[in-house]
Amino acid sequence: MKKGMLLFFSILLCFSLTACAEQKTPSVSEQSLQQEQSDIQNEIEISENPSIDSREPESREQKAKLVIDGQEFQITLYDTPAANALYDMLPLTLSFEDFNNTEKIAYMDQELPTEGEPDAFDPDVGDLCLYAPWGNLSIFYEDFGNASGLISLGQIDSGIDIIRNRNDTFSATLETIE
């Protein structure tokens, strides 16, 4: 029995070594040559077509501020079609009211694009969102579950407790930070 097992493992080892010997792994110098050729090809394509840009795309994540009674709260707007459209509309003066002891909402005169945006979002405290079915902005001051039609636009960077504690309807201006 032991001789049979030994013979089996010996044959298996021979097959394994033979299979490994037949594979050709490029040497370091061959890999360098391949990388160099690829880099040259990319440079040729870019020089022949100046619209090709090999740099990483820049993020349009942008800063804005919400001004309430002279107090400023910074907002980071994400690089999404809806958030970019909102940024392009600024400045906006909006009237916020409490909704469901969870969020402050304000209606806008213009619609934001929703094509290509996710169908639902699960907001956390401080999230700035668009509720697409109603066309309103929402600032969540309480955690909320996943909601269909909710689109993430950005995040309130500071001051969410002050916004949470506003019990009245209040006017706020959303502006760019220059």
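Residues numbered from 1 in each chain as written. Predicted model: local features only at pLDDT ≥ 70, side-chain atom pairs only at ≥ 80, totals over all residues. Heavy atoms only, no water.

S.K.: I keep staring at the pattern of salt bridges and nothing clicks. Help me out?
M.R.: Any two side chains of opposite charge can pair, so long as their charged atoms come close to each other. The final tally for this structure, using the stated rule, is eight salt bridges. Notably, a salt bridge pairs Glu-72 with Lys-65, separated by 3.4 Å at the nearest N-O pair. We classify Glu-72 as exposed; its relative accessible area is 52%. Where Arg-164 meets Asp-161, a salt bridge forms, and the shortest distance between an N and an O atom there is 2.3 Å. On the criterion of helical spacing, the pair formed by Arg-164 and Asp-161 is a turn pair, its members being three residues apart in helix α4 (residues 160–164). The exposure class of Arg-164 is partly exposed, given its relative accessible area of 23%. Three or more residues joined by partner-sharing salt bridges are found here, namely Lys-65, Glu-72 and Glu-175. (Salt bridge = Lys/Arg side-chain N within 4 Å of Asp/Glu carboxyl O. Buried < 20%, exposed > 50% of the residue type's maximum accessible area, 1.4 Å probe, protein only. Helix = DSSP H or I, 4+ residues; strand = E, 2+ residues; numbered from the N terminus.)

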